[in-house]
Structure formats: C-alpha cells, structure tokens
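Descriptive analysis of the structure
Spelled out, the chains give:
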Amino acid sequence: MRSFSQAARSLTHRPAFAAAAVLTLALGIGATTALFSVVDTVLLKPLPFPDASQLVMVLETSTAKHQNASLAAPARLLDWSRDSRSFDAISGAYAENVTDTSGAEPERLAGRRVLPRYFDVFGMRPLAGRTFTPDEERYGGPKAAVISEGLWTRRYQRRANAIGQRLALKGQGYTIVGVMPAGFTTAAIDVWLPAQLSPALMSARDARFVTGIGRIKPGIPIAQAQSDLASVQRRLGTEYPRTDDGWSAALTGLKDFEVGDYGRALWLVFGAVLLLLLIAVANIAGLLLVQLHRRAHELAVRSAIGASRGQVVGAVMREVALLAAAGTVGGVLLAIAATRVLVHALTTVPRIADLAVDWRALAFTIFVSAAAAVLFGLWPALQATRGTLLPLIAQSARGSSQGPHRLQRILVGAQIALTVLLVASAGLLLRTYYNLSHVSPGFDPSHTLTFHVGAQWDEDRARIGQMQVALIQRLEQTPGVVAAGLTNFLPATGATLRYQIQIQGLTRAGDPGVNAGERTVSVGYLHALRMPLEAGRWCPDIKADFKAPRTAMVNRRFADMYGQGQNLVGRSIRFDQDPRPPMTIVGIVGNTIEDGQGTQPFPYIYACDSAGTWPDPEYVVRTAGDPGAFAGIIRQIVHELAPDRAIFGVQSVDTVLDAALDQPRLDTRLLTLFAAAAMLLASLGLYTLLMLLVAERTREIGVRMALGATPLMVVRLVFATAGRVLIVGMIVGLIATVAAARLLGSLVYQMSPLDAPTIAGAVLVLAIVALIAAAIPARRAARVDPITAMRE
C-alpha cells in the first residue's frame, strides 16, 4: 500500500498527464461499452420467446405483380399452416385501433386482431390469466380480450381483479381474460382481440390484410421452410388460379424483421466506436511514451544510486495500474450514464427499453485498454533500465534530439488516419441528411395538422361515412381553417398499397409491370396539402354515397409511364380483380414524396371514393395561422359529433415528415459525435508528441536562436514536424475513406456517393483542429531563451 501511495503522490506532480490518461481511458471504455450494449440488446440477444430462432414472419410475394412483400390473405395462411410439413403452426394478426368507452372518457387503445393459435406460435405464457380458447377464436364466439402489461399497470394498477373486467368496444363488452408481459411485443399495443372473421372473409383469397407469423419445426432451416411453402402455394395456384397463381411465400426471421434498417445503422456506429477505442488506445500509448521518455533521466538515476531494475519497473507499473484503475472506474460510470441516455435518445429502436450495460463488453474493453496501458508502460520502462546507465544519464542531461520517436510518430499518424475516416464518413452522412431534408415534397406541409378519430373496420360503413362527411364540413366551416380532408396514408410514412391496374384502351387484364400505388383521399386533402393540379379538374367533394360514380386522380409519374403520350383524363382505370366499378380519371397532380425522401417518384392513383371506404383515415387540416392552436377546437368538434370516439395522433404534417428522417438523423448525429471525440483524441496525441520533441530539442533550439534563427523560423520548424505526421496520416485516412465509401455506399441508409468537396471540407476541419493543437508547442518553442537553453 505504501508503494501505491508513493505512486499516487508521483502522479499528483503531473496532473495534466494523469487527467489526460484517465479521461482517455474512461472515454474509450465508456463509449465502447455503451454502444456494444446497444448492439447486443438489439441485434445479438435472442428474442424473449422459447426457441426464438424458429419464429419467422410469413408474407406473400409475387414477382409477376412486382410485390416483394405483401400482407397475406387469412385463408391462405390457414392453408399453409394445414398443408406445410415444416411448421408447427402459422397464424397472423392485423392492426385495429379501438375506442374503449368503459371509463369516464373514451380512450383510444392500440389493438391487434389475431387469428387462431396466434399466442401458441410465440410460446410465451401470459403474465396473468390465459389466452384465447378455440371457442373464443371462432366466428360468433364469446367476446374476450388479452391486455398488455402496460395497460394493466396504467389502468388497473396491476391488480389481479383486472381479469374478468370488461372493455366496452363498439357497444359490446369484451371480457379481459389475460395479461401479456411487456417483452411480448416491441410495438405499443394495448389489447389483443380474436379476429373472429366471417366465413365470407375467410374465403376471400384476394383479401390480403394480415401479417403472418409462423413457428418452424426444430432443426428445419428457413430456406427449407420457404421451399416447402412455395411447393404448397404452387398446388394452391393450380386449385385457385384466379387468386393464387403467381403468388408465393416470403419468410424473414422475426428478429431480422423487427430490427430492419436499424441493424445496418447500429453496425456502422459500432464500427465507429471500435475506431474510437483504437484511437484512445494509441493515445494512451503516446501519453505513456512521452512521460516515460521525459523520466528516462530520473529512472536512470534511480538505478545508478542502487535501485534494482525490478524496483524501478515496479514503481512505473504501479503508476500505470493507478491510471488504469481510475480510467476503468470512470469508464464504468460513463457506460452506465450513457446507456441511460441512449434509452431516451433511441426511442424508435426496437427493444431499446431492455438496454443495460453489457458486462461482457465492459470486461473486454477494460482488458484491451488496461493491456495497452501496461504494454506501453512496461516497454519504455524496460528500455530505460537496461544496459549501462551512464550514456543514458548523459544523453538525458544534454536533452539530445537524436531519438526519432518512430513508434510515437506511427501511433499519432494512425490516430490521424482513423480520425480522417471517421470525420469524412460523418461529413458524407451529414451531406446525405442535408440533401434528404431539403428534398421538395411536392406539396406544402406548412400550417397543416393531422389526426385520427377512432373507428373499426367491421362497423357500419354508411354510418362512419356520414360521420366523416359531417366532421370535414364542420372543420371547413371553422374560422381560420382553409381546407380539410382525409387520406388512408400520409406521404413519406412508409405505409402504402400497391395494385396491378388496368387502363382503358392502354392495358389488358394481367399485363405485367402495370402497377401503381394507391391513396384513398378526399379532394379537401389535396387542397389542404396544396398539391399542384397539372391537367383536368379536381375530384368532386366527398359524400357518403357508395353508389356514386367513382373518380380518381393520378400523379405525373403515372401519366408519363402509362399514358403512352395520350391524354389520360376521361379514361377509366380499375384495380386488377377489384369487383367494384372502374374509376374515371378526372385530373393529374404533380409528383410527391409518397414513398419517402430520396426515393424516385412512383405511379400513384388518388382514389376519390365515398366517405367510409377507409374507416380509420388520417384527417388533414390546413389553417391560416398556427395549426397547434386548433388542436383544442378540433377535439371539441369531434366530441360534439362523436362523443363515443377517441381522437388521437394530433400532430403537424411537418412533424410527420421530420419523423421520416429519424434514421439518417440518428446515423449522422452519432457518427458526428464520435468524429468529434476522435478529433479531440488525435489532437491530444499530436500535442503530446510535439511537446516531447520541443522539450528534447530545447538546447538545439537555443543554439539555433543564438546563431540568428528568429522565433518565426522556430515555429515553422515545429509546424513542419506536425505537418509531416498530418500529411502521412491524412493520406492513409483518405485511402481508407475511399474504400469505406465504396464498400458501405450500398449498406448505409441513403449514404451519398463519394463526394470530394465534402471529404475535403471534413479533412480541412481536422487539419485546422490539429494545427491549433500544434500551436501551443510551437509557441513554447518560440519563447525559448537561448542562454538558459544552452546552460541546460
């Protein structure tokens, strides 16, 4: 203990060095551990289900109809589950938000309607109660509900008597029979209800609205299960050629499906963290080399006056151990704090609520950092205490500049190269995000507000349509409201429907490649977003009349791709296999970012169908002033017209578009943060190298100044040394950046192609920061007193 106390006192005489070493270690350990914990939680840990690797998402796909992944028809899922030899069970669910009126105020609940055996597929036991019985899953069976742990906690305070309570949904009572734990779903779901689909809907093989989920039998790979379902579907295509021919199954592991594009982003960020750890390790090595080189004379004198080589090395290693211990404590605290911050910062990332410090990653990072500190502390100590001591003492006394410090130059150059890679990559992502955020949406989202009003798909469509018309009319009559309308999906939200289409006089039924996206809209929606009319006229005002002639508008991309140079206005179009009458094209509007920023325009049809066609639409309101000021007015209008319906999702359209950029924004912010940290560490490494060189060459600098060298010439000397290290490091870093940009350009979300001005700007920023760090040693060298220096 006494020897460690002496080591601690020794470090207090060098506070700048001790602080820099501890902070560098803490940053490397904390950042690496926190980000690996995110990667482990989201990407590596298995889902919280028994044999989770056997769970797959089951969707439909059709090459002929250009449908890479489509929702599935319930009848087809039932056939696949019955006839497949690779699955224990296949089930499915579809979203249906419901309004519960059992309380004092209507409350919107996020719901899922589930097919039979849905909970059996997952294999997770309920937290309380049970799941649905076969009797409750059949058409016309008893009304039952399974609620989430969140709703159980929020409304019932986790009381056991919640089982048996009733929810009032659409005027019917649903008995709560069970509670599913929070880990059962990554989505914010409040309640699961049995689908209880009618025989007519179960036989409608072209009604694709269910997300399938299946459990593969043990030992069967996904590829084999895929092949098995494809074989079953080929037989079904022969049996039902009108609805099943040309379709097949698409299987994706449940974890891969949930993680989606976040997986690529997290691996990118974790790669940046590993680079940061390498920079931190190199920095620690450089700091220790500087300090031990400065103390070479002291260590030699200790040996000369009787201290054994083991005692001298032991004294150095105790100091290194103290630094490593302090850095480890700081790294652990930083990792804990960082994981708590990331839980709140990465709210859209799946399973982020389960984030905690990964102690395996922490142990590995501590080992790497501590090993680097020990290695780069032990090696110079052994070098300083080996062989004869008199030359070393004499050399230290002269302050000789003969040592090239090749290893430290290599370490600093490596830091510069890694930092160039991080800074340039951050610059590319920043430019990509800027480009995406400045894409013209094709409409005007300013002064617009959107919201939902609770409604269910099995309600009376005429009644819902009358409510929708009354609501839009009341909104349009409200002072300050410019326009109001509805749509099934908002632009850039990733939600869309695509169909094979037939165009009068231009296509025939089943023509390959003739497909388009669909939006069910009212003309007020088009006015609210100020979509430009390019040809024809607007759709008529919305009415609750399912027998009225159907009209539609198409976008410019549709007209260019399918018009064949002819005027499409007045022609009829219909969706393939749609039993309803065709729609008449009455106008053409400009292209919009329906599929998201950065995507090419796709042909779209804006179907101006009867009110009630889409029971749960997005309402959009344009106001003359601040749209946020109308939220209360809208709530009041909805309460007056439909007091038993909940209003939810009130937000501006600008907010919706901004949310579509969450992923590139997250990538850019995280990588920029690590690039800034890397610049700081690399600049510190360059600073320590130059301070060592200036200290060693103080006598030489004094002689030069005595012989007529000016302070400016001395400053140039220091900057020349810094420049050589910078240039070599930047060249290596630029080569790595070019390789990384070409490799990752197709892997990272919307990453720009190699952009020389962007990379040049990023490297310029690094160069400026590095030269600022070099200015302090240069200033010190310029102030050397020749007489004093030559006396040393």
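Cut-offs and rules
- Residues numbered from 1 in each chain as written.
- Predicted model: local features only at pLDDT ≥ 70, side-chain atom pairs only at ≥ 80, totals over all residues.
- Heavy atoms only, no water.
- Buried < 20%, exposed > 50% of the residue type's maximum accessible area, 1.4 Å probe, protein only.
- Helix = DSSP H or I, 4+ residues; strand = E, 2+ residues; numbered from the N terminus.
- Arc of directions from axis to C-beta.
- Contact = heavy atoms within 4.5 Å.
- Phe/Tyr/Trp six-rings, centres within 6.5 Å; stacked < 30°, edge-to-face > 60°.
- Lys NZ or Arg CZ within 6 Å of the ring centre and 35° of its normal.
- Pairing = 2+ DSSP bridges.
- Axes fitted to C-alpha atoms, helices over the stretch in contact; angles between N-to-C directions.
- Patch = residues over 30% accessible without salt bridge, like charges linked within 9 Å, V, L, I, M, F, W, Y side chains within 5 Å.
- Areas by Shrake-Rupley, 256 points an atom, 1.4 Å probe, with all protein chains shown as cover.
- Salt bridge = Lys/Arg side-chain N within 4 Å of Asp/Glu carboxyl O.
- Disulfide = S-S within 2.5 Å.
- Parallel < 35°, antiparallel > 145°, perpendicular 65-115°, else oblique.
- Left-handed = near helix turned anticlockwise from the far one by under 90°.

1. Looking at helix 20 (residues 631-641)
Within helix 20, the full set of buried residues consists of Ala631, Ile634, Ile637 and Val638. Along the axis of helix 20, the buried positions cluster into a sector of 125°, meaning they face one direction only. Turning to helix 20, the residues buried within the fold contact strand 14 (448-453), helix 17 (461-477), strand 23 (618-623) and strand 24 (647-652).

2. Describing the packing of aromatic side chains
The relation between two aromatic rings is expressed through the spacing of the ring centres and the mutual angle of the planes. Enumeration according to the criterion identifies 15 aromatic pairs in this entry. Taken together, a centroid distance of 5.7 Å and an interplanar angle of 65° make the contact between Phe119 and Phe132 edge-to-face. Separated by 13 residues along the polypeptide, Phe119 in helix 4 (residues 118-122) and Phe132 in the loop between strand 7 (128-129) and helix 5 (134-137) bring together distant segments of the chain. Here Phe119 falls in the buried class, since its relative accessible area comes to 6%. With relative accessibility at 9%, the residue Phe132 sits in the buried group. Chaining the aromatic ring pairs together yields one cluster made of Phe49, Tyr118, Phe119, Phe122, Phe132, Phe184 and Trp192. Note that Arg108 overlies the ring of Phe648, its terminal NZ or CZ placed 4.1 Å from the centroid. Between Arg205 and the ring centre of Tyr240, over which it is positioned, the NZ or CZ distance is 4.0 Å.

3. Let's talk about the sheet that holds strand 14
Ordered in space as 15-23-14-24, the four strands form an open sheet in which the pairing is antiparallel. Strands with a single pairing partner mark the edges of an open sheet, and in this sheet they are strand 15 (481-487) and strand 24. Put simply, the sheet's adjacent strands are angled 20° from each other on average, direction ignored. With four bridges connecting them, strand 14 and strand 23 associate as antiparallel partners. Looking at strand 23, one finds that Thr450 is bridged to Val620.

4. Some thoughts on the environment of Ile772
Topologically, Ile772 is positioned in helix 25 (residues 756-782). The exposure class of Ile772 is exposed, given its relative accessible area of 56%. Taking C-alpha positions, Ile772 is 8.4 Å from Ser683, a pair spaced 89 residues apart along the chain.

5. Some remarks on a nonpolar patch on the surface
A cluster of nonpolar side chains, contributed by Ile727, Ile731 and Ile735, occupies part of the molecular surface with about 310 Å² of accessible area. Along the polypeptide, Ile727 turns up in helix 24 (residues 711-744).

6. Focus: the pairing of strand 21 (residues 583-589)
In terms of residue burial, strand 21 counts as a mostly covered element, since six of its seven residues are buried. Note: strand 18 (residues 533-536) against strand 21, three bridges, orientation antiparallel. For Gly536, the partnering residue across the bridge sits in strand 21 and is Gly587. Where strand 19 (residues 551-555) lies against strand 21, five bridges are found, and the strand directions are parallel. Within the sheet, the bridge partner assigned to Thr551 lies in strand 21 and is Thr584. When strand 20 (residues 572-575) meets strand 21, the two strands line up antiparallel, connected through two bridges.

7. Here's the deal with the state of the cysteines
For the structure shown, the criterion picks out one disulfide. Between the sulfur atoms of Cys539 and its disulfide partner Cys608 the distance amounts to 2.0 Å. As the torsion about the S-S bond is roughly 70°, the Cys539-Cys608 disulfide counts as right-handed. Note that Cys539 is positioned in the loop between strand 18 and strand 19 and Cys608 in strand 22 (residues 604-608), a separation of 69 residues in sequence. Cys608 matches Cys539 in its accessibility class, with the two residues each being buried.

8. Description of the pattern of salt bridges
In the structure shown here, the tally under the stated rule is 29 salt bridges. Close ionic contact of Asp444 with Arg530 constitutes a salt bridge, the shortest N to O distance being 3.3 Å. Of the two residues, Asp444 is situated in the loop between helix 16 (406-437) and strand 14 and Arg530 in the loop between helix 18 (523-528) and strand 18; the sequence distance between them amounts to 86 residues. You can call Arg530 partly exposed: its relative accessible area is 49%. Between Glu459 and Arg463 there is a salt bridge, and its shortest N-O distance comes to 3.4 Å. On the basis of relative accessible area, Glu459 is assigned to the buried category, the value being 13%. Looking at Arg463, the relative accessible area reads 43%, which means it is partly exposed. Here the salt bridges do not stand alone but share partners, grouping Glu60, Arg76, Asp79, Arg82, Asp83, Arg205, Arg208, Arg235, Glu239 and Asp244 into one network.

9. Considering the side chain of Thr33
Positionally, Thr33 belongs in helix 2 (residues 15-44). What makes Thr33 buried here is its relative accessible area of 0%. The contact partners of Thr33, leaving out residues within four places of it in the chain, are Ala335, Val357, Asp358, Ala361, Leu362 and Thr365.

10. Some remarks on the environment of Asp444
Take Asp444: its relative accessible area is 22%, and that puts it in the partly exposed class. Separated by 84 residues in the primary sequence, Asp444 and Ala528 have C-alpha atoms spaced 8.4 Å apart. Excluding residues that lie within four positions of it along the chain, Asp444 makes contacts with Ala528, Leu529, Arg530 and Arg622.

11. Focus on the packing of helix 3 (residues 74-83) against helix 8 (residues 222-239)
The N-to-C vectors of helix 3 and helix 8 enclose an angle of 120°; their axes lie 10 Å apart at closest approach. If you check the angle between helix 3 and helix 8, you find them oblique. Between helix 3 and helix 8 lies a crossing whose hand is right-handed. Along its contact with helix 3, which presents Arg76, Asp79, Trp80 and Asp83, the element helix 8 presents Leu229, Val232, Gln233, Arg235 and Leu236.

12. Side note on unusual backbone geometry
At Arg117, a residue that is not glycine, the phi angle is positive and equals roughly 70°. On the secondary structure map, Arg117 appears in the loop between strand 6 (111-114) and helix 4.

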